[in-house]
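# Observations on the model geometry
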Amino acid sequence: MNHQPSEGSHRLKTGIYQGIVAAWPVCLGFVPIGLAFGVIAQKAGLQPYQIGLMSLLVFAGSAQFIAVSMLAGGAGAVSIILTTFAVNLRHFLMSSSLAVYMGGTRKWLLSLFAYGITDESFALNLSRFKTGNWGITQALTVNHVSNFFWIASTMAGGFAGEFIPEGAFGIDYALPAMFIGLLAMQLKGRRYIVTAILAGILAVVFAMILPGNFYIIAASMLAALGGVLINRRLQPEQPGE
């Protein structure tokens, strides 16, 4: 009797192995951020199992940090949901742009793949898809190995947070520092600086006149619109337009 693995089984194992090898740098990057998030979430009042569920159901680092910050500030459910939805709208575009490389893939697999997309896995999978030697098996492996490390590290941070005093190691500054870092990396020209300043001014103004945390959504949307208008005004006109 021939016990040699079939060609399909060998291809599956090879694809999983390639995905794991490609995913490990992303996983290493997720661990410190996940630990920090877990500690911050624990200080905001979440239990480790709640932190794990949040990481499983949301799986979006920036949105989770924002949600925890708003929870700690006493924001309502509606404002948290709307804010995180706006932050994660980019995932629709990322999923759509990668779907063109998966013609013929079953819809449930596409849904499972779309769930696991993050900024890091998107960039990694897109670059590999462009080489032509990448498929749904490798891409799914990248997404969900990263997902596992994120969930595990956030829960570990939740458990560790119980033994870390409030404000120790500068953890209370970790959330503002992360967003300052994200902002700094986006300031690549005058138009971006103007948009960031506009968002800050609008947030302060709306915070004084709007109830709850809706000022975050309003300021973000209007600043984004302002950024688009500024970009169009500064964009050089192309011949024939």
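Contact geometry of helix α6 (residues 107-115) with helix α8 (residues 136-161) gives a least axis separation of 9 Å together with a crossing angle of 40 degrees. Taken together, the axes of α6 and α8 are oblique relative to one another. The two elements α6 and α8 meet at a crossing, and its hand is left-handed. Facing α6, whose interface residues are L109, L112, F113 and Y115, α8 presents I136, A139, L140, N143, H144 and N147.

This part takes up the side chain of S153. Considering the arrangement of structural elements, one finds S153 in helix α8. In terms of polar contacts, S153 uses its side chain to reach the backbone carbonyl oxygen of F149, at 2.9 Å. Ignoring sequence-local partners within four residues, the contact set of S153 consists of F30, V31, G34 and L35.

Once that is clear, we can look at the nonpolar core. Across soluble globular proteins, you tend to see nonpolar side chains buried next to one another. F37, V68, L98 and F113 are the most contacted members of the largest nonpolar core, which totals 34 residues. For this core, the secondary structure elements donating two or more residues are α1 (7-43), α2 (48-57), α3 (61-72), α5 (90-99), α6, α7 (119-131) and α8. The dominant element in this core, judged by the number of residues it contributes, is α1, at 8 residues. Those residues in contact with F113 that sit more than four places away from it in its chain are L98, M102, N125, I136, A139, L140 and N143.

It is worth spelling out unusual backbone geometry at this point. The phi dihedral of F59 is positive, around 50 degrees, even though this residue is not glycine. The exposure class of F59 is buried, given its relative accessible area of 2%.

This brings us to the packing of aromatic side chains. Taken as a whole, this structure holds 8 aromatic pairs when the rule is applied. On the basis of an interplanar angle of 90 degrees and a centroid distance of 6.5 Å, the ring pair of F30 and F59 is categorised as edge-to-face. Highlighted residues: F30 in helix α1 and F59 in the loop between α2 and α3, separated in sequence by 29 residues. Ring plane angle 70 degrees and centroid distance 5.7 Å describe the contact between F30 and W150, whose orientation is recorded as edge-to-face. Residue F30 is found in helix α1, and its partner W150 is found in helix α8; the two are separated by 120 residues along the sequence. Comparing F30 with W150, the two get one shared label, buried.

Turning our eyes to something else, we now look at the environment of N125. Assignment of secondary structure puts N125 in helix α7. For N125, a relative accessible area of 0% gives the class buried. In this structure the C-alpha to C-alpha distance between N125 and A23, which are 102 residues apart in sequence, comes to 9.6 Å. Non-local contacts of N125, meaning those with residues more than four positions away in its chain, are made with L98, F113, W134, A139, V142 and N143.

A few words on the confidence of the model for the chain. Across the chain, the average pLDDT comes to 81, with 83% of residues at 70 or higher. When the criterion is pLDDT under 50, residues 237-241 qualifies, and its contacts beyond four places in sequence or with other chains add up to 0 contacts.

Criteria and thresholds
- Residues numbered from 1 in each chain as written.
- Predicted model: local features only at pLDDT ≥ 70, side-chain atom pairs only at ≥ 80, totals over all residues.
- Heavy atoms only, no water.
- Axes fitted to C-alpha atoms, helices over the stretch in contact; angles between N-to-C directions.
- Helix = DSSP H or I, 4+ residues; strand = E, 2+ residues; numbered from the N terminus.
- Parallel < 35°, antiparallel > 145°, perpendicular 65-115°, else oblique.
- Left-handed = near helix turned anticlockwise from the far one by under 90°.
- Contact = heavy atoms within 4.5 Å.
- Polar contact = N/O pair within 3.5 Å; in protein donor to acceptor, adjacent residues only side chain to side chain.
- Core = buried A, V, L, I, M, F, W, Y, C linked by side-chain atoms within 4.5 Å.
- Buried < 20%, exposed > 50% of the residue type's maximum accessible area, 1.4 Å probe, protein only.
- Phe/Tyr/Trp six-rings, centres within 6.5 Å; stacked < 30°, edge-to-face > 60°.
- pLDDT = per-residue confidence, 0-100.

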